[in-house]
Amino acid sequence: MQIVLVDPGSSREEINEPIGIGMIAAAVEQELGTRAHVSQYFEPITGLPTSDEIRQSDVIGISTPLGSLRTVRGLVAKWKLIQPEIKPVLVLGGVIATFAPESLLSEFPEAIVVIGEGEEAFTLLVKLMQEVSREHWREVLGEASIPNLKFRTTRGVVSTRRKNVDLSKYPAPSRPFLKQLVSLGGIVRAESSRGCSYGRCTFCAIQHKYNDKIEWRVIDVPRIVQELCELSAAGVRHPYFTDEDFMGADPTRALSLARAIANEKDRGNISGDFSLYVDMRVASILAGKTAHHPSGVTVLTALQEAGLREVFVGIESGAGEQAKRYRKPATTDRNLRALQILRRAGLSMDIGFIFFDPEMTLQEAATNLTFLRSSGLWFHDARLTKEVRLEAGTPLVDDYQQKNLIAGPLDVDQLTFPYRWRSTQVESVHEVFRAWEAIEQESIYRLQAATRGEVPTGTQRQERREALGTIRAVELDALEMLITLTQQGGDPLTVDLSKFSRRRGDLVCMALEKFL
Ligand code: SF4
């Protein structure tokens, strides 16, 4: 059986390893062995499959990352031209499939849509196709108990039960693009867990992604370490863990993982300059020692000895009321303490911050600025001026629906709803700032991409981040002026931002010339 798996890549400059199709490929290869031949396509590296390659397959599985609908439409258009008797089965999975399956089914009624994790669903689908003839397999699909599917039959749309996969059953992803990813400075992904032990933030889609459950599942430590050894041998030096909550509910396990990685470094199986990027909750960093678990700081120290370079922390807000709206458990004080711990340890930080939301007051916007200054984040290279993304499948959508703040239908390609603002002043500040920010956005995305992934040396990464941080500071200066003048009764539309434009333009030019 010939299987084609396609990841259309991102609309951004960044090249992120398509670990999703790699997991599906590995799961199919494990279950079906030589009975299946899987070809993976990743648009930025291999380009998309040709019409002939699609025609020669039995199944084509297309991942649907944000911003990929145009590419998906192009692929489906090629697929539609194939004669019905030899047409491969069309399967859509990934983010858009998970959060907007109905929209995909109404546009592509012949597709089988996979919601959430696809390892088990896709493998069972392929097995079924091997057992049942091409003319009849769709008839028996409804009775086949394959989880996480949505598809049309003559009787209407069928949704099968949702199920999270048992991570211990599946192998490490198949990674055919590693060499090119390393040479292009792309981002190589690793995974040690799925889900979040907190799982309640109102803007976060994690619950729906994982079967509407608050569940944190882990991959066995030996498998993770083996995978890191293989990545190191392939020349990878800076993998990014995709885990939403790296330490999760088990600091002891995180400590064992850190020690196991350090051991392999000592034995020469992982390169000495191999570094790690993980996502940690503030609660994990601040966790105290208990009778059963080490403290967060102990785990961080061990991870640092194993090569931890950077920690992503979702601070999200510096204004108490805004944080409450998101049901974030951390207070400003706890956020500051977590940042201080990371700084003292000499770790780099990546920061999640939602500056604007439609319920925001001008005072909250000013409080966010005060927080960013006092926390030492003003020159940070992360973009700290984002607005909330009202993502399909999040509790915030229900909340805004009740408050009549949703202003239109779902943008399926971006998986967000437009919203109405409560404060016309905040809306104007946001509108003016966003238009001004957009002028240099593409260049700044390119610079940002150059700070991430496989950058040759730590010094180079640091220089690029500092240059980007200086640009971000000018943007915050401009936002501060807009907010202050609006607080004083001015109209944001008439504020002159030209001096910030000149400063930012000069800095962007210098950075592009030096680093790209
Ligand atoms: S935003 Fe982070 S902490 Fe909050 S539920 Fe999502 S993964 Fe968990």
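Residues numbered from 1 in each chain as written. Predicted model: local features only at pLDDT ≥ 70, side-chain atom pairs only at ≥ 80, totals over all residues. Heavy atoms only, no water.

Regarding the sheet that holds strand E5 (residues 112-114)
Okay, so step 1: Pairing in this open sheet of seven strands is mixed, and the strands run E2-E1-E3-E4-E5-E6-E7 from one edge to the other. The open sheet has two free edges, formed respectively by strand E2 (37-42) and strand E7 (156-159), since each of these has just one partner strand. Going across the sheet, the axis of each strand differs from the next one's by a mean of 20°, ignoring polarity.
Okay, so step 2: Of the pairings in the sheet, the one linking strand E4 (residues 89-93) to E5 comprises two bridges and is parallel in character. Paired with Leu 92 across the strands is Val 113, a residue of E5.
Okay, so step 3: Seen against the sheet, helix H1 (residues 19-32) touches strand E1 (2-7), E2 and strand E3 (59-63) and runs at an angle of roughly 175° to E2. (Pairing = 2+ DSSP bridges. Helix = DSSP H or I, 4+ residues; strand = E, 2+ residues; numbered from the N terminus. Axes fitted to C-alpha atoms, helices over the stretch in contact; angles between N-to-C directions. Contact = heavy atoms within 4.5 Å.)

Quick word on the environment of Ala 100
Okay, so step 1: Topologically, Ala 100 is positioned in the loop between helix H5 (95-99) and helix H6 (101-107).
Okay, so step 2: Judged by relative accessible area, which is 2%, Ala 100 ranks as buried.
Okay, so step 3: Ala 100 sits 13 residues away from Val 113 along the chain, and the two C-alpha atoms are 9.8 Å apart.
Okay, so step 4: Not counting residues within four places of it along the chain, the set of residues in contact with Ala 100 comprises Leu 410, Val 412 and Leu 415. (Buried < 20%, exposed > 50% of the residue type's maximum accessible area, 1.4 Å probe, protein only.)

A look at the pattern of salt bridges
Okay, so step 1: What the rule picks out here adds up to 36 salt bridges.
Okay, so step 2: A salt bridge links Asp 350 to Arg 452; the shortest N-O distance between them is 3.5 Å. You can see Asp 350 sitting in strand E14 (residues 348-356) and its partner Arg 452 sitting in the loop between helix H20 (441-451) and helix H21 (458-487), a full 102 residues away along the chain.
Okay, so step 3: We classify Asp 350 as buried; its relative accessible area is 12%.
Okay, so step 4: Three or more residues are tied together by salt bridges with common partners; here these are Glu 117, Glu 119, Glu 191, Arg 194, Glu 215 and Arg 217. (Salt bridge = Lys/Arg side-chain N within 4 Å of Asp/Glu carboxyl O.)

So, the UniProt feature "domain: B12-binding" (unreviewed entry) in the chain
Okay, so step 1: Residues annotated in UniProt with the feature "domain: B12-binding" (unreviewed entry) correspond here to residues 1-136.
Okay, so step 2: Secondary structure over residues 1-136 splits into 44% helix and 18% strand, and the C-alpha atoms at its two ends are 17 Å apart. (UniProt positions renumbered as here; feature names shortened; annotations may be inferred.)

Details of the UniProt feature "domain: Radical SAM core" (unreviewed entry) in the chain
Okay, so step 1: UniProt's feature table lists "domain: Radical SAM core" (unreviewed entry) at residues 182-425, given in the numbering used throughout.
Okay, so step 2: As annotated, residues 182-425 comprises 38% helix and 13% strand, and the C-alpha atoms at either end are separated by 46 Å.

Digging into the side chain of Lys 265
Okay, so step 1: Structurally, the position occupied by Lys 265 is in helix H12 (residues 251-266).
Okay, so step 2: For the buried residue Lys 265, which engages in no salt bridge, the nearest side chain bearing the opposite charge is Asp 273, 7.0 Å off.
Okay, so step 3: Beyond its immediate chain neighbours, meaning those up to four positions away, Lys 265 contacts Ile 270, Ser 271, Gly 272, Phe 274, Ala 306 and Gly 307. (Lys, Arg positive; Asp, Glu negative; His and termini not counted.)

Some words on the packing of helix H17 (residues 362-374) against H21
Okay, so step 1: In the contact formed by H17 and H21, the axes pass within 10 Å of each other and the chain directions differ by 145°. Remark: the crossing between H17 and H21 carries left-handed chirality. On H21, the residues touching Leu 362, Gln 363, Ala 365, Ala 366, Leu 369, Leu 372 and Arg 373 of H17 are Leu 476, Asp 477, Leu 479, Glu 480, Ile 483, Thr 486 and Gln 487.
Okay, so step 2: Within the contact of H17 with H21, the residues separate by chemical class into eight nonpolar, three polar and three charged. (Left-handed = near helix turned anticlockwise from the far one by under 90°. Nonpolar A, V, L, I, M, F, W, Y, C, P; charged D, E, K, R; others polar.)

Here's the deal with the environment of Leu 105
Okay, so step 1: Of note, Leu 105 is situated in helix H6.
Okay, so step 2: Judged by its relative accessible area of 2%, Leu 105 is buried.
Okay, so step 3: The spatial distance from the C-alpha of Leu 105 to the C-alpha of Pro 395 is 24 Å, given a sequence separation of 290 residues.

Here we look at the pairing of E2
Two faces, one strand: in a regular strand the side chains alternate between the faces of the sheet.
Okay, so step 1: As judged from the six bridges shared by E1 and E2, these two strands associate in the parallel manner. Residue pairing for E2: Gln 2 is matched across the bridge by His 37.

What to know about unusual backbone geometry
Glycine aside, the phi torsion of most residues is negative, and most peptide linkages are trans.
Okay, so step 1: Positive phi, normally seen in glycine, also occurs at Asn 211, with a value near 65°.
Okay, so step 2: In this fold, Asn 211 is placed in the loop between helix H10 (206-209) and strand E10 (217-218).
Okay, so step 3: Notably, Arg 327 is not glycine yet its phi reads approximately 55°, a positive angle.
Okay, so step 4: In this structure, Arg 327 sits in the loop between helix H15 (320-325) and helix H16 (332-344).
Okay, so step 5: What makes Arg 327 partly exposed here is its relative accessible area of 42%.

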